[in-house]
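Below, each chain spelled out in residue letters.
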Amino acid sequence: MNTGRHEPAIVVIGGGTGLSVLLKGLKRYTSRLTAVVTVSDDGGSSGRLRNELGVLPPGDIRNCLVALAETETLMDRVFQHRFRQEGSLQGHNLGNLLLAAMTEITGDFVSAIRETSKVLAVRGKVIPATLETITLGAIMADGRRVTGETAIREYGGRIQEIFLLPECSPVPETLQAIEEADAIIIGPGSLYTSIIPNLLVKGISEAIAASPAATFYISNIMTEQGETDQFTAADHLQVIARYSGRQLIEHAVINCGSIDEDRLRRYQEEKAIPVRTAGEEIVKMGINIIERDLVSHTDVAWHDSEKLARVILENIKRES
């Protein structure tokens, strides 16, 4: 693990499982980490707390805090505990409840995250993309207008356009972190429901474009039903450019490792397939392609956190 002033300052932008996997790897190499996390989730425990208490959805924030915890302790397990017994707490995650309580105690969500970070001995910072209550909306390929992240995911049709209601501004710390970063990483994560919502927050895309930092996009390993059916890595990059109003990405990190038949069969019900590179299209965009075997040895086709972190750090060093 690197220590000291020469650690790279890295900003990661996204949400969901992919972001926490990346953070687990990066924390071994630098403590100068800032995770900018989407807050449009309206399902599960997060959605219930959002509706009942009026707090921002804490689920993705919680996962990032645990991913960045200095060591795996009993407290980490407590923070991830989900109540299973019947009753008003069923389905709630204890970490979500603690973040909601801390928000009431400290008076605001950012302070709640900061204090919780101390309890978990977090390496780095976790910041919500915005402190405003937002709803994700979409116009589907059939022309239907769907409101709410959960409803969009469950609709099943192809997304034509995604938007935030209402328009919102970022947390000032986010813009400062982007300005001071050595590298900015977008993804991995669900394209329309985890990544694009961050870029729709006013000022974030502009700050990334103005930053001297090296910019990376980590492509998903598998397509996602309803969001990215049949999408190549090039298609993902084109969507990011469309919503940010410019080409933000300098390097595309893409998996070229093989996925065994057993795991591929697990994805058949979801109609998910491995994301193809479409390298010629990416080169035409002026983006450097970094292809590596990035697949984990788990039962699902997720990124391996250590492989991913090493690829990012190697290329940051080349850029410096």
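See the structure above.
Residues numbered from 1 in each chain as written. Predicted model: local features only at pLDDT ≥ 70, side-chain atom pairs only at ≥ 80, totals over all residues. Heavy atoms only, no water.

Asks: Even after reading the chapter, I still don't get the packing of aromatic side chains, so can you show me in this structure?
Replies: The way to describe two aromatic rings as a pair is by their centre distance and the angle between their planes. The full count for this structure, using the stated rule, is one aromatic pair. Ring centres 6.4 Å apart and planes at 85° place the aromatic pair Tyr192 and Tyr243 in the edge-to-face group. With a gap of 51 residues between them, Tyr192 in helix 9 (residues 191-199) and Tyr243 in helix 11 (residues 233-244) connect regions that are remote in the sequence. For the residue pair Tyr192 and Tyr243, the accessibility class agrees, reading buried in each case. (Phe/Tyr/Trp six-rings, centres within 6.5 Å; stacked < 30°, edge-to-face > 60°. Helix = DSSP H or I, 4+ residues; strand = E, 2+ residues; numbered from the N terminus. Buried < 20%, exposed > 50% of the residue type's maximum accessible area, 1.4 Å probe, protein only.)

Asks: Which parts of the structure should I look at to understand helix 11?
Replies: Since one α-helical turn is 3.6 residues long, residues separated by three or four positions face the same way. Taking 1.5 Å per residue, 12 residues should reach 16 Å; helix 11 reaches 17 Å between its end C-alpha atoms and fits that length. Along helix 11, nine of the 12 residues are buried, which leaves the element largely enclosed by surrounding structure. Within the sequence span of helix 11, burial applies to Ala233, Ala234, His236, Leu237, Val239, Ile240, Ala241, Tyr243 and Ser244. Regarding helix 11, its N-cap is Thr232, as a side-chain oxygen of that residue lies 3.3 Å from the backbone nitrogen of Ala234 further along. (Expected span 1.5 Å × (residues − 1). Polar contact = N/O pair within 3.5 Å; in protein donor to acceptor, adjacent residues only side chain to side chain.)

Asks: For this particular structure, what's the right way to read the side chain of Asn255?
Replies: Looking at where Asn255 falls in the secondary structure, it is placed in strand 9 (residues 251-255). Under the relative-accessibility criterion, Asn255 is labelled buried at 12%. Separated by 3.0 Å, the side chain of Asn255 and the backbone nitrogen of Gly257 make a polar contact. In this view, Asn255 contacts Ile221, Arg292, Asp293, Leu294 and Val295; residues no more than four positions away in its chain are not counted. (Contact = heavy atoms within 4.5 Å.)

In short, geometric facts, not functional conclusions.
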